[in-house]
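This is what each chain is made of:
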Amino acid sequence: IGLPGVHPGFLDGTQFDPSAWLEVASSMLQWTTHRLTTEAMARYVLGVLGQSESAFSSLRILYIWHNPPMPLFLLHGLREVLRPEHVVDVPRHPGFYEPAAWPAGHGSR
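Along every chain, residues carry numbers that run from 1 in the direction the sequence is written. Whole-chain, interface and lining totals are the exception, using all residues; otherwise, since this is a predicted model, local features are given only for residues with pLDDT of at least 70 and side-chain atom pairs are given and counted only at 80 or more. Hydrogens are left out, water is left out, and the side-chain values use all remaining heavy atoms of the structure.

(A) Broad picture of the overall build of the chain. Segments assigned H or I by DSSP are reported as helices when at least four residues long, segments assigned E as strands when at least two residues long, and all are numbered from the N terminus. Looking only at helices and strands, the chain features 3 helices and 4 strands. Burial classes follow relative accessibility: with a 1.4 Å probe on protein chains only, a residue under 20% of its type's maximum area counts as buried, one over 50% as exposed, and anything between as partly exposed. Out of the 109 residues belonging to the chain, those deemed buried represent 18%. When checking whether two residues touch, look at their non-hydrogen atoms; a contact exists if any pair is within 4.5 Å. Pairs at least 24 apart in sequence give 51% of the contacts found in the chain among residues at least 6 apart. Note on areas: Shrake-Rupley, 1.4 Å probe, and residue coverage restricted to the protein chains presented here. With an accessible surface of roughly 8400 Å², the chain has 61% of that area assigned to carbon and sulfur atoms.

(B) Representation of the pattern of salt bridges in the model. Salt bridges are identified by distance alone: a Lys or Arg side-chain nitrogen within 4 Å of an Asp or Glu carboxyl oxygen. Here the structure, examined in full by the defined rule, presents 2 salt bridges. Across the pair Glu39 and Arg43 runs a salt bridge, and its minimum N-O distance is 2.7 Å. Placement of both Glu39 and Arg43 in helix α2 (residues 38-48) is noted, with a separation of 4 residues, approximately one turn of the helix.

(C) Highlighting the environment of Val45. With respect to the helices, strands and loops of the structure, Val45 is situated in helix α2. For the pair formed by Val45 and Leu74, sequence separation is 29 residues and the distance between their alpha carbons is 8.6 Å.

(D) View of the nonpolar core. One finds Ala42, Leu46, Phe56, Leu59, Leu72, Leu75, Leu78, Val81, Leu82, Val87 and Tyr97 forming the largest nonpolar core, which totals 11 residues. When residues of this core are traced back to their parent elements, those giving at least two are α2 and α3 (69-82). With 5 residues, α3 is the largest single contributor of residues to this core. When residues no more than four places from it in sequence are discounted, the contact partners of Leu59 are Leu78, Leu82, His86, Val87 and Val88. Put simply, buried Ala, Val, Leu, Ile, Met, Phe, Trp, Tyr and Cys residues joined by side-chain atoms within 4.5 Å make one nonpolar core.

Function-wise, these values are silent; they only describe arrangement.
Encoded structure:
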């Protein structure tokens, strides 16, 4: 990053400039908010496959759990881009969806 007082593994308090760091951190947060989203991941995958969003009336996703969060990130993004009613995951991962409501006064969460 090249900020004064910032070194791998430690900060030099005599050279560190908090406002310079805040400016860099703010710009990094803005960049990631716009580019590192599940929706952006889905658009990227569709682009790599040469497919447009309008090409799908239905999409079924079959995944193998090598890296557990990644398929769910992509599933979430595809459901955002293509609409949930057009994306089906196989096998269905129940923890991904909203849990059923608990009956009032029955048991504890």
